[in-house]
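# Geometric and topological summary
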Amino acid sequence: MEAGEIVAAVIGLEARFNLALMARVNDGSMAFLQGVFDDLVSFVAHHEPDAMEYGKAGLQYWVRHWLTGFGSFREFGRENGIHHETAGSFYRRHVEVVLHGWLVAACGELEPLLQKIYGVELEAA
């Protein structure tokens, strides 16, 4: 019954929170990440329009970076003709903060249930 409660709680999360959480839970599965990638890109573009400053490809680069850790500020800067510090600042202000915030929100919504069932707290990082 406990597993059913947890699954129901996860399914009941707002879609963007669910996607961020499931992306982190399944981050070793490239097949799963491929399934959520386009949705995460769309949600970020919708909720943080400034994240589209470097176009869809730029946003895809940073969402992929958040999901997998691949890529770098220097590489992005070189590809887009900007300084690497500008690239890093952009990522932190417009992409990382949004996706990490959704992950924290998802964990916060699930934490009371997990605390009740198992006596454990979630770490968002």
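Residues numbered from 1 in each chain as written. Predicted model: local features only at pLDDT ≥ 70, side-chain atom pairs only at ≥ 80, totals over all residues. Heavy atoms only, no water.

### Some thoughts on the side chain of Asn18
For Asn18, the position within the fold is in helix α2 (residues 15–25). Judged by its relative accessible area of 18%, Asn18 falls in the buried class. Other than its neighbours up to four places away in sequence, Asn18 contacts Val10, Ile11 and Leu13. (Helix = DSSP H or I, 4+ residues; strand = E, 2+ residues; numbered from the N terminus. Buried < 20%, exposed > 50% of the residue type's maximum accessible area, 1.4 Å probe, protein only. Contact = heavy atoms within 4.5 Å.)

### Concerning the environment of His47
In this fold, His47 is placed in helix α3 (residues 30–47). In this view, His47 contacts Arg16 and Trp102; residues no more than four positions away in its chain are not counted.

### Topic: the confidence of the model for the protein
The predicted model of the protein averages 88 in pLDDT, with 91% of residues at 70 or higher. Mean pLDDT in the protein bottoms out at helix α1 (residues 2–11), which sits at 82, and peaks at helix α5 (residues 73–80), which reaches 97. (pLDDT = per-residue confidence, 0-100.)

### Things to note about the pattern of salt bridges
It is possible for side chains bearing opposite charge to pair when their charged atoms get close. Summed over all chains, the structure comprises 2 salt bridges. Lys116 serves as the salt-bridge partner of Glu5, at 3.7 Å between the closest nitrogen and oxygen. In this pair, Glu5 sits in helix α1 while Lys116 sits in helix α6 (residues 84–118), placing the two residues 111 residues apart along the sequence. Exposure remark for Glu5: the relative accessible area of 29% places this residue in the partly exposed category. Exposure remark for Lys116: the relative accessible area of 61% places this residue in the exposed category. Between Glu14 and Arg16 there is a salt bridge whose closest N-O contact spans 2.5 Å. (Salt bridge = Lys/Arg side-chain N within 4 Å of Asp/Glu carboxyl O.)

### A few points about helix α4 (residues 55–68)
If you check α4, its first and last C-alpha atoms are 20 Å apart, about what 14 residues at 1.5 Å a residue would give, namely 20 Å. Of the residues making up α4, those classed as buried are Gly58, Leu59, Gln60, Tyr61, Trp62, Val63, His65, Trp66 and Leu67. Just downstream of α4 lies Gly69, where phi reads positive at about 85°. (Expected span 1.5 Å × (residues − 1).)

### As for the packing of α2 against α6
Following both chains from N to C, one finds α2 and α6 inclined at 95°, their axes separated by 8 Å at the closest point. In terms of orientation, α2 and α6 fall into the roughly perpendicular class. Across the interface between the two elements, Arg16, Phe17, Ala20, Leu21 and Arg24 of α2 pack against Leu99, Trp102, Leu103, Ala105, Ala106, Cys107, Glu109 and Leu110 of α6. Within the contact of α2 with α6, the residues separate by chemical class into 10 nonpolar, no polar and 3 charged. (Axes fitted to C-alpha atoms, helices over the stretch in contact; angles between N-to-C directions. Parallel < 35°, antiparallel > 145°, perpendicular 65-115°, else oblique. Nonpolar A, V, L, I, M, F, W, Y, C, P; charged D, E, K, R; others polar.)

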